[in-house]
Amino acid sequence: MNLRFVLDPQLTCELREQIVALWVDVTNAGGAVGFVAPVAAADVHPLAEETFAGLAAGSDRLLVGYEGDRLVGILIISDNRFHLKTHWRVLKRVMVHPDTQGRGCGAALMREAERIGRAWGLDGLHVTVRGGLGLETFYARLGYREVGRLPRALRLAPGDDRDEVLMWLDLGGHTAAA
Ligand SMILES: CC(C)(COP(=O)(O)OP(=O)(O)OC[C@H]1O[C@@H](n2cnc3c(N)ncnc32)[C@H](O)[C@@H]1OP(=O)(O)O)[C@@H](O)C(=O)NCCC(=O)NCCS
């Protein structure tokens, strides 16, 4: 596993389509990134467009990971859009292509986000996690701790409610964020 990271890549049409394709593949392999399988590109497009708008506005930042020329993972470093919460960020849409999961890409992507957060002088990073998939373990190994849980907050299907787990990584930064 040898990943190359790019923060704020140019959001070309090609990259947008690659992200939508990644999002679809990850969801259809059982990933917890805003949808429930099965999905097609048309299902993902509206939320993807919202996401791209946040990136274009500069409030959110995109981190991508390439293996060679292939996009294998992304995450969004999201601004809280509230002046009392400028000292921390939310990581959203953390995803690695199913073909490359389990090889350390996700951990490497998260460590790069942590490195960026520290470089920006942030106090912390927050992730919300769909319960019932063991994902808390992935984040816990990276130093995130559970700080709350909204019981049965996510209704995946009638009779299939999941907790939304709130996780936090202390960065201890005390300077103004970028
Ligand atoms: C979650 C995800 C980003 C992890 O990326 P990855 O490349 O597969 O993970 P890594 O290979 O870096 O794994 C790092 C460690 O976390 C563990 N881990 C990874 N995914 C896990 C999961 N779903 N449940 C429990 N542990 C997990 C690995 O076993 C590994 O442990 P180790 O260090 O003891 O070997 C990836 O599986 C993914 O994209 N999943 C689908 C999308 C998704 O659900 N994202 C989460 C949004 S909150």
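Heads up: the structure comes first, above all this text.
Residues numbered from 1 in each chain as written. Predicted model: local features only at pLDDT ≥ 70, side-chain atom pairs only at ≥ 80, totals over all residues.

*Asks:* Can you walk me through the overall build of the protein chain in this structure?
*Replies:* From N to C terminus, the protein chain includes four helices and seven strands. When its helices and strands are written in sequence order, the protein chain yields β-α-α-β-β-β-α-β-α-β-β. In terms of principal-axis extent, the alpha carbons of the protein chain reach across some 45 × 40 × 30 Å. Pairs at least 24 apart in sequence give 59% of the contacts found in the protein chain among residues at least 6 apart. (Helix = DSSP H or I, 4+ residues; strand = E, 2+ residues; numbered from the N terminus. Contact = placed C-beta atoms within 7 Å.)

*Asks:* Teacher, can you tell me more about helix α3 (residues 105-119) here?
*Replies:* Side chains three or four residues apart in an α-helix point the same way, a direct result of the helix having 3.6 residues per turn. Its 15 residues place the ends of α3 21 Å apart at the C-alpha level, agreeing with the 21 Å of an ideal helix rising 1.5 Å per residue. Among all positions in α3, only Cys105, Gly106, Leu109, Met110, Ala113 and Gly117 are buried. Summarising the axial view, the buried residues of α3 lie within an arc of 135°, below the 170-degree limit, and thus occupy one face. Opposite the buried face of α3, at more than 90 degrees from it, the exposed residues are Arg115 and Ala119. Taken together, the buried residues of α3 touch β2 (60-67), β3 (70-78), β4 (88-96), β5 (124-130) and α4 (135-140). Where α3 ends, the next residue or the one after it, Gly121, has phi of about 75°, a positive value. (Expected span 1.5 Å × (residues − 1). Buried ≥ 20, exposed ≤ 12 C-beta atoms within 10 Å, placed from the backbone. Arc of directions from axis to C-beta.)

*Asks:* Can you walk me through the packing of helix α1 (residues 13-28) against helix α2 (residues 41-57) in this structure?
*Replies:* To characterise two packed helices, one gives the angle between the axes of the helices and the distance between these axes. Between α1 and α2, whose axes approach to 10 Å, the crossing angle comes to 125°. Taken together, the axis directions place α1 and α2 in an arrangement best described as oblique. In the packing of α1 onto α2, the handedness of the crossing is right-handed. Within the contact between the two elements, α1 uses Arg16, Ile19, Val20, Trp23 and Val24 and α2 uses Ala41, Val44, His45, Ala48 and Phe52. Here the contact of α1 with α2 is composed, by residue class, of eight nonpolar, one polar and one charged. (Axes fitted to C-alpha atoms, helices over the stretch in contact; angles between N-to-C directions. Parallel < 35°, antiparallel > 145°, perpendicular 65-115°, else oblique. Left-handed = near helix turned anticlockwise from the far one by under 90°. Nonpolar A, V, L, I, M, F, W, Y, C, P; charged D, E, K, R; others polar.)

*Asks:* Got a minute to help me understand the site of the ligand in this structure?
*Replies:* In the region of the ligand, 22 residues are neighbours, and Gly31, Gln101, Gly106, Ala107 and Gly134 sit closest. Elements supplying a minimum of two residues to the shell around the ligand: β4, α3, β5 and α4. (Near = placed C-beta within 6 Å.)

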